[in-house]
Amino acid sequence: MIDVARLAGVSQQTVSRVVNESPNVAPEIRERVEVAIRQLRYRRNPAARALANGRTMNIGIVSFGLAQYGPSVALSGIADEARSAGYATNLVTLGDVDRAAMKAALDHLVEDSVDGIVVLAPVQAALEAISGLDAGVPLVFFEPGAPEGTRSVATDEVAGAELATQHLLDLGHDTVWQVAGPSGWLGSEARLRGWARTLASAGRVTNRVISGDWSTRSGYAAGREIARNPKITAVFVANDQMALGVVKALADAGLRVPEDVSVVGFDDVPESQFYRPALTTVRLDFEEVGRLAVDRILHLMRGGQADALPRVDPTLVVRQSTAPPS
């Protein structure tokens, strides 16, 4: 930093202000410092920075279910936002979600001297396992379907399921069946609530739920069951991977989507627009989940007021897999 200051003809404090993106630097001075930084290939020393501000510049992540789209994209958002703030990330992946495993994961991260921890394990067992545990550093949780909280980042998956179900009712379908995700997942429960609430408000029949496990294979099995019931004209599927299996099973049974059965998915995975037909689905910004989690961790570390975080709202993406009943 002293070398940069000498080359730019400014004080070391001015270089520090530029590096830390302080607004109190004249544009021409900022340009001179940035040119000197590029010429000297200056990089901040993370160890020195940690000593100066009393932080390790590391954020811990406890994860479960990264094979699923939402958690995996949220993890990417956490890593990107942490990197932008000058932090590294330390990931611990859970095989079992119980109290012993959760405590071991938190202890491991605290021993590695993280400044805060994001729990990216959107299952009920993780919430129960972490209840009452004190990590000694700020904790933020990812809770799909939860109300707004001060230490939880929530996606409004109830509203997303309501959008999907109402879309099918508005097209003229008598009722909507659901292929649900596995029990114990917070997203599964939230999507069930939104679907059932919408049908109840419309005075429509709530039929038996067909269960899946998030996989395309389980969606295919559900689709074969749907194909055997000629009364089913509209299906809300709790994620896009299962929806792909449903559409394939219906096609194999000689049924057309959407002419015979309309299908709505959830998540808006990048491939969903290339399904045949292109999938109507519900989009949630899971990268925003990661950004909000890191922002809240940094806010808590600075001792900021813990106001409730706004939920991430869903958007219905209408494509070619839904139509009025024939």
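As a reminder, the structure under discussion sits directly above these lines.
Here is a short report on the structure shown in this document.

## Here's the deal with the sheet that holds strand S7 (residues 210-211)
Thinking step 1. Read across the open sheet, the 4 strands follow the order S7-S6-S8-S9; overall the sheet is parallel. Where the open sheet ends on each side, the last strands, each with one partner, are S7 and strand S9 (262-264).
Thinking step 2. By the bridge criterion, 3 bridges tie strand S6 (residues 177-180) to strand S8 (residues 234-237) in an arrangement that is parallel. Directly across from Gln178, in S8, lies its bridge partner Phe236.
Thinking step 3. Contacting S8 and S9, helix H8 (residues 157-170) runs over the sheet at an angle of about 170° to S8.
Thinking step 4. The sheet strands contacting helix H9 (residues 186-201) are S6 and S8, and the helix crosses S6 at an angle near 175°.

## Description of the packing of helix H10 (residues 216-227) against helix H11 (residues 240-252)
Two quantities define a packed helix pair, namely the angle between the helix axes and the distance between the axes.
Thinking step 1. Two elements in contact, H10 and H11, have axes whose closest approach is 6 Å; the angle formed by their N-to-C orientations is 40°. As judged from the angle between their axes, H10 and H11 are oblique. In this structure, H10 meets H11 at a crossing whose hand is right-handed. In contact with Thr216, Ser218, Gly219, Tyr220, Gly223, Arg224, Ile226 and Ala227 of H10, H11 contributes Gln241, Met242, Leu244, Gly245, Val246, Lys248, Ala249, Leu250 and Asp252.
Thinking step 2. The residue inventory of the contact of H10 with H11, partitioned by class, reads 8 nonpolar, 6 polar and 3 charged.

## What about the pairing of strand S2 (residues 88-93)?
Thinking step 1. One ladder, built from 6 bridges, connects strand S1 (residues 58-63) with S2; its direction is parallel. By the bridge assignment for S2, Ser63 is matched with Thr93.
Thinking step 2. Of the crossover connections in this fold, the one passing from S1 over helix H5 (residues 69-84) to the parallel S2 is right-handed.

## What to know about the side chain of Ser152
Thinking step 1. By the secondary structure assignment, Ser152 is in strand S5 (residues 152-153).
Thinking step 2. Relative accessible area serves as the criterion here: at 7%, Ser152 is assigned to the buried category.
Thinking step 3. Apart from residues lying up to four places away in sequence, Ser152 is in contact with Phe141, Glu143, Pro147 and Leu309.

## Remarks on the packing of helix H2 (residues 12-19) against helix H3 (residues 27-40)
Thinking step 1. At a minimum axis separation of 10 Å, H2 and H3 run at an interaxial angle of 85°. What the angle tells us is that H2 and H3 run roughly perpendicular. Side by side, H2 and H3 meet where Thr14, Val15, Val18 and Val19 of the first sit next to Ile29, Arg30, Val33, Glu34 and Ile37 of the second.
Thinking step 2. In terms of residue class, the contact of H2 with H3 is made up of 6 nonpolar, 1 polar and 2 charged.

What counts, and where the lines are drawn
Residue positions are given per chain, counting from 1 as you read along its sequence in written order. Two thresholds apply to this predicted model, a pLDDT of at least 70 for residue-level local features and 80 or more for giving and counting side-chain atom pairs, whereas whole-chain, interface and lining totals are computed over all residues. To obtain the side-chain values, all non-hydrogen atoms of the structure were used and water was disregarded. Pairing between strands requires that DSSP locate at least two bridges from one strand to the other. Every helix listed is a DSSP run of H or I at least four residues long, and every strand listed is a run of E at least two residues long, numbered separately from the N terminus. Should any heavy atoms of two residues lie within 4.5 Å, those residues are considered in contact. Axis angles are defined between N-to-C directions and span 0 to 180 degrees, where every axis is a line fitted to C-alpha atoms and, for a helix, only to the segment in contact. Angles are sorted into four bins: roughly parallel if under 35 degrees, roughly antiparallel if over 145, roughly perpendicular if 65 to 115, and oblique for all others. Handedness of a crossing follows from how the near helix is turned relative to the far one, being left-handed for an anticlockwise turn of less than a right angle and right-handed for a clockwise one. Each residue is assigned to one class: nonpolar for Ala, Val, Leu, Ile, Met, Phe, Trp, Tyr, Cys and Pro, charged for Asp, Glu, Lys and Arg, and polar for all the others, Gly among them. Assignment of crossover handedness uses the view with strands pointing away from the viewer, where a clockwise path from the first strand over the helix to the second indicates a right-handed crossover. Burial classification: accessible surface area is computed with a 1.4 Å probe over protein chains only, and a residue below 20% of its type maximum counts as buried, one above 50% as exposed, and the rest as partly exposed.

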